[in-house]
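# Working through the structure, step by step
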Amino acid sequence: SIEAFEYVLEKSTGFNLRNLSEADVVLLTMWYPHRDEFILNLAAKGIKCCFLMLDPDLPLPHNLEDLVGKKSGKTIIGFTMNPECLSRLRSERINALGLYHMAERADMNVVKREILFITEVYQRLKCIVIDITNLNNKDILGQILCSIKNEREEIG
């Protein structure tokens, strides 16, 4: 729907917590290239989706459970990935964009620390987790849609 596209284009930045209340689906993720494609595909299906990037160096909001917990009424999905795969993807993206000052983001110790952090957040929120290692974008989208459907069937 047009409303879903407008929401995605205007409000889903990965960092803006004020707009989470308007979302139907929230994707929680580490810094992962190519995530925008998922929210655009979901918007094409009329689903208001946003993503929230989690980083151990950034503070979590004190009311995280209220924003994206089970009581929020939203479908919350966390992405995870094999550390070696994520490190490689980040390195490729950094090099392709010439963002060499961000090279430490691809360091294996940094990646492992982030994955440990997001895993703890996902457990705290009791959210759906999708391991996107080696999945293509079509398969990831399919898993997201299946998770949304299953969550709605459990609630309804």
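That block above? That's the structure.
Residues numbered from 1 in each chain as written. Predicted model: local features only at pLDDT ≥ 70, side-chain atom pairs only at ≥ 80, totals over all residues. Heavy atoms only, no water.

## Notes on the sheet that holds strand S1 (residues 25-29)
For sheets, the rule is that strands pair by backbone hydrogen bonds, running either parallel or antiparallel. Pairing in this open sheet of four strands is parallel, and the strands run S2-S1-S3-S4 from one edge to the other. With partners counted over all chains shown, the strands left at the sheet margins are strand S2 (49-53) and strand S4 (128-131), one partner each. Taking each pair of neighbouring strands and ignoring which way they run, the sheet shows an average axis angle of 25 degrees. Docked against the sheet, helix H5 (residues 108-125) engages S1, strand S3 (75-80) and S4, running at close to 155 degrees with respect to S3. (Pairing = 2+ DSSP bridges. Helix = DSSP H or I, 4+ residues; strand = E, 2+ residues; numbered from the N terminus. Axes fitted to C-alpha atoms, helices over the stretch in contact; angles between N-to-C directions. Contact = heavy atoms within 4.5 Å.)

## Considerations on the packing of helix H4 (residues 83-97) against H5
In a pair of packed helices, the angle between the axes and the distance between the axes together describe the arrangement. As a packed pair, H4 and H5 sit with axes 9 Å apart at the nearest point and diverge in direction by 120 degrees. It follows from the interaxial angle that H4 and H5 lie oblique. In this structure, the crossing between H4 and H5 has a hand that is right-handed. Contact residues: Pro83, Glu84, Leu86, Ser87 and Arg90 in H4; Met108, Val111, Lys112, Glu114 and Ile115 in H5. (Parallel < 35°, antiparallel > 145°, perpendicular 65-115°, else oblique. Left-handed = near helix turned anticlockwise from the far one by under 90°.)

## Quick notes on the nonpolar core
Grouped together as the largest cluster of nonpolar side chains are 44 residues, with contacts concentrated most on Val26, Leu27, Leu28, Phe79 and Ile144. Sorting the residues of this core by element identifies S1, helix H2 (36-44), S2, helix H3 (64-68), S3, H4, H5 and helix H6 (137-155) as the ones contributing at least two each. When residues of this core are assigned to their parent elements, the largest contribution, seven residues, is made by H5. Setting aside its immediate chain neighbours within four residues, Phe79 contacts Leu27, Leu28, Thr29, Met30, Phe38, Ile118, Tyr122, Ile130, Ile132, Ile140 and Ile144. (Core = buried A, V, L, I, M, F, W, Y, C linked by side-chain atoms within 4.5 Å. Buried < 20%, exposed > 50% of the residue type's maximum accessible area, 1.4 Å probe, protein only.)

## Overview of the environment of Glu22
Tracing the sequence through the fold places Glu22 in the loop between helix H1 (2-11) and S1. Glu22 sits in the partly exposed class, given a relative accessible area of 32%. The spacing of Glu22 and Lys74 is 52 residues in sequence and 9.5 Å in space, taken between C-alpha atoms.

## Describing the pairing of S1
With five of its five residues buried, S1 lies for the most part within the structure. Covered by surrounding structure in S1 are Val25, Leu27 and Thr29 together with Val26 and Leu28, the residues of both alternating faces. Examined bridge by bridge, S1 and S3 share four bridges and lie parallel to one another. Of the residues in S3, the one forming a bridge with Leu28 is Gly78.

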